[in-house]
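Now for the letters of each chain:
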Amino acid sequence: MSAAGNWMHAPISRRVICAVMSVTRHTRTAVAAAAVIAVSAQLTSAVARADLHNITYIARVDGLAPGSVATFITADNQTNMAQLGTLPGNSFQADAVLPDPHHAGMQVAVKWPYSANVHCEIDVDDKVFVQVDQVVHPAPGSTDPMNGVLPCGAPLPNPTP
């Protein structure tokens, strides 16, 4: 206490030393935390990218078969459908991204009265994963939903001829 009865504060030099040490400690902690966050973000995005696969569906009908359709898996329990070209040999191609390449599937349907050689291919990350080449001839009057259908890869969630 001073002669006037006021409380005296600690010397300024003591406060500066404490403040500098505190700032240094906080700076090091902040730098370390930023480094951990940066490394964690890089690892997380690398793992996320590693879990997804680029899927390429390729279908070709080598023969005259108007009305041919390719149905393929785009996501879990979701499919998409595309009409194939009417000229023989034209290829159809579609891309999807799936977490498990074993869930990639496609089917090509040829309508009666036509028959044709059908090429079905599924590439995963630019490598052939499944390939089927087969002559497809639908039977007239059949009630089988897979009549005239060439399956390729995983079965579709809701197969449609």
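Here the structure is a predicted model, which means the values were calculated and not measured.

Enquirer: So what's going on with the nonpolar core? Which residues, and what values?
Expert: In this structure, Ile55, Tyr57 and Phe92 are the most contacted members of the largest nonpolar core, which totals 27 residues. Those elements that place two or more of their residues in this core are β1 (53–62), β2 (69–75), β4 (91–98), β5 (105–109), β6 (116–124) and β8 (149–153). Contacts of Tyr57, omitting those with residues within four sequence positions, involve Phe72, Ile73, Phe92, Gln93, Ala94, Ala96, Leu98, Ala104, Gly105, Met106, Glu121 and Ile122.

Enquirer: Tell me about the sheet that holds β4, residues and numbers included.
Expert: Across the sheet, four strands lie side by side as β4-β1-β6-β7; this open sheet has antiparallel pairing. Both edges of this open sheet fall to β4 and β7 (127–136), since each of them pairs with a single strand only. The average undirected angle you get between the axes of adjacent strands in this sheet is 15°. Note that β1 and β4 share eight bridges and pair antiparallel. Along β4, the bridge assignment pairs Thr56 with Asp95.

Enquirer: Residues and numbers for the packing of aromatic side chains, please.
Expert: Counted according to the given criterion, the structure contains two aromatic pairs. On the basis of an interplanar angle of 40° and a centroid distance of 5.2 Å, the ring pair of Tyr57 and Phe72 is categorised as tilted. Note that Tyr57 is positioned in strand β1 and Phe72 in strand β2, a separation of 15 residues in sequence. When sorted by exposure, Tyr57 lands in the same class as Phe72, which is buried. With a centroid separation of 5.7 Å and 45° between ring planes, the pair formed by Phe72 and Phe92 is classed as tilted. In this pair, Phe72 sits in strand β2 while Phe92 sits in strand β4, placing the two residues 20 residues apart along the sequence. A residue is classified by how much of its surface remains accessible, and Phe92, at 14% relative accessible area, is buried.

Enquirer: Break down unusual backbone geometry for me, with residues and values.
Expert: The omega angle of the peptide bond from Trp112 to Pro113 is 20°, so this bond is cis rather than trans. Its identity as a non-glycine residue notwithstanding, Asp126 has a phi of 65°, on the positive side. Here Asp126 shows up in the loop between β6 and β7.

Enquirer: Any chance you could break down the pairing of β1 for me, citing the residues and the numbers?
Expert: Buried residues dominate β1, accounting for seven of its 10 residues. Bridging between β1 and β6 involves eight bridges; their strand directions are antiparallel. Pairing of Ile55 across the sheet is with Val124, part of β6.

Enquirer: Any details on the side chain of Thr56? Residues and values, ideally.
Expert: Residue position: Thr56 is located in strand β1. Exposure remark for Thr56: the relative accessible area of 13% places this residue in the buried category. Among the polar contacts listed, one links the side chain of Thr56 to the side chain of Asp95, at a separation of 3.1 Å. If we ignore the near neighbours within four places in the chain, the residues touching Thr56 are Gln93, Ala94, Asp95, Glu121, Ile122 and Asp123.

Enquirer: For the sheet that holds strand β3 (residues 78–83), give the residues involved together with the corresponding values.
Expert: The strands that make up a sheet are held in pairs by hydrogen bonds between backbone atoms, and each pair lies either parallel or antiparallel. Pairing is antiparallel in the open sheet, where four strands are placed in the order β3-β2-β5-β8. A single partner strand is all that each edge strand has here, and the edge strands are β3 and β8. Neighbour to neighbour, the strand axes of the sheet diverge by 20° on average, direction disregarded. Bridge count for β2 against β5 is four bridges, and the pairing is antiparallel. The residue of β5 that forms the bridge with Val69 is Ala109.

What counts, and at which threshold
- Residues numbered from 1 in each chain as written.
- Predicted model: local features only at pLDDT ≥ 70, side-chain atom pairs only at ≥ 80, totals over all residues.
- Heavy atoms only, no water.
- Core = buried A, V, L, I, M, F, W, Y, C linked by side-chain atoms within 4.5 Å.
- Buried < 20%, exposed > 50% of the residue type's maximum accessible area, 1.4 Å probe, protein only.
- Helix = DSSP H or I, 4+ residues; strand = E, 2+ residues; numbered from the N terminus.
- Contact = heavy atoms within 4.5 Å.
- Pairing = 2+ DSSP bridges.
- Axes fitted to C-alpha atoms, helices over the stretch in contact; angles between N-to-C directions.
- Phe/Tyr/Trp six-rings, centres within 6.5 Å; stacked < 30°, edge-to-face > 60°.
- Polar contact = N/O pair within 3.5 Å; in protein donor to acceptor, adjacent residues only side chain to side chain.

Keep in mind these values describe shape, not function.
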